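An overview of the molecular structure
The chain contents come next:
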Amino acid sequence: MTTYLRYPHLHDELLTFVGADDVWLAPVAGGRAWRLTDDGQPVRAPRFSPDGEHVAFISYRDGHPEAYVTAVSGSGSSRRLTWWGALNTLVLGWTGDGRVLVASNAGEFNMRHTVVKAVALDGSTERLRVGPAWGLAINDDGATALSTPGSR
């Protein structure tokens, strides 16, 4: 079976990506890749934490997209961070203090109105005041790059 390798993200000497409905890791220099998840359910957008210890991603394990996190060491299973039940949820990256940036239409008036929340590893959330977004990067000095939703 041939699959596409999608959603690559780099941290130091490691690459994470999606293939065969799971999150994988591989050395940047080449060599054997290994599965970080083994749910057999669609996943997308894996993103390394700033310290490289965790990977956050979206899983459709429960039929709709929710944010999960797992340790890069492979110890333990992935942990669900959100319980929003939204149609649109996307991991955008991480904050410098170790929270996952998640865009979602959960609780919004329109399914295309995605707002960004910083989700801590304990599941607590803070809605960020950046407006609707499909892409966001925040530098430690406060510089922010934002991409707004496009149209289908």
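Keep in mind the model is a prediction, meaning the values are calculated, not measured.

1. Re the overall build of the chain
- Secondary structure summary: the chain contains zero helices and 14 strands in total.
- Along its sequence from the N terminus, the chain presents helices and strands in the succession β-β-β-β-β-β-β-β-β-β-β-β-β-β.
- Its C-alpha atoms give the chain a radius of gyration of 15 Å, within 12% of the compact-globule value 15 Å for 152 residues.
- Each of the three principal axes of the chain carries a C-alpha extent, and together these read 45 × 35 × 30 Å.
- Across the chain, contacts joining residues at least 24 apart in sequence account for 27% of those joining residues at least 6 apart.
- About 8300 Å² of surface is accessible on the chain, with carbon and sulfur atoms providing 50% of the total.
- Averaging the coordinates of the 14 positive side-chain charges in the chain and doing the same for the 16 negative ones gives two points 9 Å apart.

2. Description of the packing of aromatic side chains
- Applying the stated criterion across every chain, the model contains two aromatic pairs.
- Here Phe-17 and Trp-24 contribute two aromatic rings whose centre-to-centre distance is 6.4 Å and whose plane-to-plane angle is 5°, an arrangement assigned as stacked.
- Judged by its relative accessible area of 19%, Trp-24 falls in the buried class.
- Centre to centre, the rings of Phe-57 and Tyr-68 are 5.9 Å apart; their planes meet at 15°, and the pair counts as stacked. Of the two residues, Phe-57 is situated in strand 6 (residues 54-59) and Tyr-68 in strand 7 (residues 66-71); the sequence distance between them amounts to eleven residues.
- Residue Phe-57 is classed as buried on the basis of its relative accessible area of 0%.
- The aromatic ring of Trp-84 is capped on one face by Lys-117, whose charged end is 4.7 Å from the ring centroid.

3. A few points about the environment of Arg-61
- Within the secondary structure, Arg-61 is located in the loop between strand 6 and strand 7.
- The sequence separation of Arg-61 and Val-43 amounts to 18 residues, and the corresponding C-alpha distance is 8.3 Å.
- Each residue touching Arg-61, except ones within four places of it in the same chain, is listed here: Asp-39, Gln-41, Tyr-68 and Ser-78.
- Side-chain polar atoms of Arg-61 contact the side chain of Ser-78, separated by 2.8 Å.

4. Some details on the pairing of strand 2 (residues 14-19)
- Pairing analysis gives four bridges linking strand 1 (residues 6-11) to strand 2, with the strands arranged antiparallel. Bridged to Arg-6 within strand 2 is Val-18.
- Counting the residues that bridge the hairpin from strand 1 to strand 2 gives two residues, and of these Asp-12 lies at a positive phi of roughly 50°.
- Between the antiparallel neighbours strand 2 and strand 3 (residues 22-27) lie two residues, among them Ala-20 with a positive phi of about 55°.

5. Some points on the sheet that holds strand 10 (residues 100-104)
- Here four strands make up an open sheet; going across it, the order is 9-10-11-12 and the pairing antiparallel. In this open sheet, the two edge strands, each paired with only one partner strand, are strand 9 (89-94) and strand 12 (125-127). The mean angle between the axes of side-by-side strands here comes to 30°, regardless of whether they run parallel or antiparallel.
- As defined by bridge partners, strand 11 (residues 115-119) adjoins strand 12 across three bridges and the pair is classed as antiparallel. Residue pairing across strands places Lys-117 opposite Arg-127, the latter belonging to strand 12.

How each quantity is defined
Residues numbered from 1 in each chain as written. Predicted model: local features only at pLDDT ≥ 70, side-chain atom pairs only at ≥ 80, totals over all residues. Heavy atoms only, no water. Helix = DSSP H or I, 4+ residues; strand = E, 2+ residues; numbered from the N terminus. Rg over C-alpha atoms; globule rule 2.2 N^0.38 Å. Contact = heavy atoms within 4.5 Å. Areas by Shrake-Rupley, 256 points an atom, 1.4 Å probe, with all protein chains shown as cover. Lys, Arg positive; Asp, Glu negative; His and termini not counted. Charge placed at Lys NZ, Arg CZ, Asp CG, Glu CD. Phe/Tyr/Trp six-rings, centres within 6.5 Å; stacked < 30°, edge-to-face > 60°. Buried < 20%, exposed > 50% of the residue type's maximum accessible area, 1.4 Å probe, protein only. Lys NZ or Arg CZ within 6 Å of the ring centre and 35° of its normal. Polar contact = N/O pair within 3.5 Å; in protein donor to acceptor, adjacent residues only side chain to side chain. Pairing = 2+ DSSP bridges. Axes fitted to C-alpha atoms, helices over the stretch in contact; angles between N-to-C directions.

Read these as spatial facts, not as claims about activity.
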